[in-house]
Amino acid sequence: MDIHERPRRLRQTDGMRRLVRQVHLNSGNLILPVFVREGASQPIAIGSMPGVFQHTQSSLKAAVNEAASAGVGSVMIFGVPSHKDANGDAACAHDSILADAIRWAKEETGDSLPIIADLCLDEFTTHGHCGVLDANGNVDNDATLAQYQRMALTLADAGADILGLSGMMDGQVGAVRKALDAQGKIDTVLLAYAAKYASAFYGPFRDAVESTLEGDRKSYQQDPGNVNEAIREVRLDVAEGADIVMVKPGLPYLDVITRVSAEVDVPVAAYVVSGESSMIEAAAAAGMLDRERAILETLTSVKRAGADIIATYWATEVAHLLNR
Ligand code: PBG
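What counts, and at which threshold
- Residues numbered from 1 in each chain as written.
- Predicted model: local features only at pLDDT ≥ 70, side-chain atom pairs only at ≥ 80, totals over all residues.
- Heavy atoms only, no water.
- Phe/Tyr/Trp six-rings, centres within 6.5 Å; stacked < 30°, edge-to-face > 60°.
- Helix = DSSP H or I, 4+ residues; strand = E, 2+ residues; numbered from the N terminus.
- Buried < 20%, exposed > 50% of the residue type's maximum accessible area, 1.4 Å probe, protein only.
- Lys NZ or Arg CZ within 6 Å of the ring centre and 35° of its normal.
- Core = buried A, V, L, I, M, F, W, Y, C linked by side-chain atoms within 4.5 Å.
- Contact = heavy atoms within 4.5 Å.
- Patch = residues over 30% accessible without salt bridge, like charges linked within 9 Å, V, L, I, M, F, W, Y side chains within 5 Å.
- Areas by Shrake-Rupley, 256 points an atom, 1.4 Å probe, with all protein chains shown as cover.
- Salt bridge = Lys/Arg side-chain N within 4 Å of Asp/Glu carboxyl O.
- Near = heavy atom within 4 Å.
- Polar contact = N/O pair within 3.5 Å; in protein donor to acceptor, adjacent residues only side chain to side chain.
- 1 Å grid on protein atoms, 1.4 Å probe; cavity = no way out; pocket = protein on both sides within 12 Å on 5 of 7 lines; lining within 4 Å.
- Sits in = over half its atoms within 2 Å of the grid points.
- Nonpolar A, V, L, I, M, F, W, Y, C, P; charged D, E, K, R; others polar.
- Points joined across faces, edges and corners; volume = space filled by probe spheres on them.

A few words on the packing of aromatic side chains. Using the criterion set out here, one finds seven aromatic pairs in the structure. Ring plane angle 80 degrees and centroid distance 5.1 Å describe the contact between Phe78 and Phe205, whose orientation is recorded as edge-to-face. Pair noted here: Phe78 is in strand E4 (residues 74-80) and Phe205 is in helix H6 (residues 203-208), with a separation of 127 residues, a long-range link. Classification of Phe78 by relative accessible area gives buried; the value is 2%. Note on Tyr197 and Tyr253: the rings are 4.2 Å apart at their centroids and 20 degrees apart in plane angle, and the pair reads as stacked. Of this pair, Tyr197 sits in the loop between strand E7 (189-196) and H6 while Tyr253 sits in the loop between strand E8 (244-248) and helix H8 (254-263), and the two are 56 residues apart along the sequence. Assessed through its relative accessible area of 0%, Tyr197 is described here as buried. Note on Tyr253: relative accessible area 8%, which makes it buried. Members of the aromatic cluster, connected to one another through ring pairs, are Phe35, Phe78, Tyr193, Phe205, Tyr271 and Tyr313. We note Lys196 situated over the ring of Tyr202; from NZ or CZ to the ring centre the distance is 5.5 Å. Positioned over the ring face of Tyr202 is Lys248, at 5.0 Å from the centre of the ring.

Okay, structure coming up:
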């Protein structure tokens, strides 16, 4: 046979494949999202998210310690309050479930593990939207920014190292940066969910936070058909002071991750969301695919697309696998 190039030569053994592998997962680049339920006396399993729980104070502390000792890079906290109202005022209270959870996490791991707090109103509003509503029932962008500013100060005071701005309001990064800086909180890092799509893959998350969403989020989250809009959102967020930008979801938006990472010089994160994980968990439970291989391949593809950082519910498990 007259074959000049034989790519298979580099695939012969595990050692050879490892030698030429370009993309490696690294536990330090993983973020573990966790849910903390106000008033829970024991961890509550989330039906649509196998293996994921709404934590109590003590199970949160255990999860944070396990993540840290496995080498996970960060924990991102979502609070699930027992009372909601129209404006999500509880989100701005110094004893909110989210502020308490930040303090509980920081008590465990101190400065060794950056703690991210989700900065959004949807868990705290009766209508489930990410902002406050105007008289016509539409999400009021600028009134929401004032609420985000109050919430940001609460979360920063509680000790959050990073605020995850997930609401997709125009001007949210600039407004929060301004409020923090005015209080001298110049070191609080802003992770902007810059390109967040209106996605069906958030379905299980809505169970996790007991969302009572009426309608949909299409007037503020991005249309799945667009990619230029992602570049615009990212450009604006970086100009307003975003320290890290995020693309969300992950797997259905690999092209967006690639475009965004080519565009910016800040770290790029991607969020492998609830529906993406549950899809794999369900298929694996039905015996349709090899769970561990599917998880590692999924996360590798997100990193290969250009994500520096990956938020995933499998963070601690994958960190343990990588340590093996
Ligand atoms: C909203 C928020 C959502 C997720 C993270 N933050 C839900 C939404 O936008 O509807 C989804 C995360 C996931 O599905 O894992 N604050």
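Counting residues in each nonpolar core, the largest one holds 79 residues, and the members touching the most others are Ile77 and Leu163. Beyond its immediate sequence surroundings of up to four residues, Ile77 is in contact with Val34, Val36, Leu98, Ala101, Ile102, Ala105, Ile115, Ile116, Ala117 and Asp118. Listed in part, the 24 residues of the second largest apolar core include Ile46, Tyr193, Tyr271 and Ala311.

What follows covers a nonpolar patch on the surface. A surface patch of nonpolar side chains, about 290 Å² in accessible area, is lined by Leu10, Leu19 and Val20. The residue Leu10 is located in the segment before helix H1 (14-20) in this model. In this structure Leu10 comes out as partly exposed when scored by relative accessible area, which is 46%.

A few words on the site of the ligand. Arg206, Arg217, Lys248, Ser274 and Tyr313 are the nearest of the 17 residues found near the ligand. Between the ligand and the protein, one listed contact pairs a nitrogen atom with a side-chain N or O atom of Asp122 at 2.9 Å. At a separation of 2.5 Å, an oxygen atom of the ligand approaches a polar side-chain atom of Arg206. Among the cavities detected, the one that contains the ligand is the largest cavity. Split into classes, the residues belonging to the shell around the ligand amount to eight nonpolar, three polar and six charged.

Moving on to the environment of Leu119. For Leu119, the position within the fold is in strand E5 (residues 115-119). Judged by relative accessible area, Leu119 falls into the buried class, the value being 0%. Each C-alpha atom, one on Leu119 and one on Tyr197, is 17 Å from the other, the two residues being 78 residues apart in sequence. Among all residues touching Leu119, those that are not within four sequence positions of it are Tyr148, Met151, Ala152, Leu155, Leu163, Gly164, Leu165, Ser166, Gly167 and Val176.

Attention now goes to empty space enclosed by the protein. To find leftover empty space, one rolls a probe the size of a water molecule over the atoms. The full count for this structure, using the stated rule, is one cavity of 30 Å³ or more. When its volume is computed, the largest cavity comes out at roughly 150 Å³. In terms of lining residues, the largest cavity is bounded by 19 residues, among which Asp122, Lys196, Tyr202, Phe205 and Lys248 are the most central. Broken down by secondary-structure element, the contributors of at least two residues to the lining of the largest cavity are E7 and H6.

Applying the stated criterion to the full structure yields 13 salt bridges. With its nearest N and O atoms 3.0 Å apart, the salt bridge here joins Lys61 to Glu108. In this pair, Lys61 is assigned in helix H2 (residues 57-70) and Glu108 in helix H3 (residues 97-109), connecting sequence segments 47 residues apart. The exposure class assigned to Lys61 is buried, which follows from its relative accessible area of 14%. Since its relative accessible area comes to 31%, Glu108 is described here as partly exposed. Its salt-bridge partner being Arg217, residue Asp122 comes within 3.4 Å of it at the nearest N-O pair. Of this pair, Asp122 sits in the loop between E5 and helix H4 (141-158) while Arg217 sits in the loop between H6 and helix H7 (228-240); the two residues are 95 residues apart in sequence, bridging distant segments of the chain. Residue Asp122 is classed as buried on the basis of its relative accessible area, which comes to 6%. Classification of Arg217 as buried rests on a relative accessible area of 6%. Beyond isolated ion pairs, a larger network of salt bridges with shared partners links Lys61, Glu107 and Glu108.

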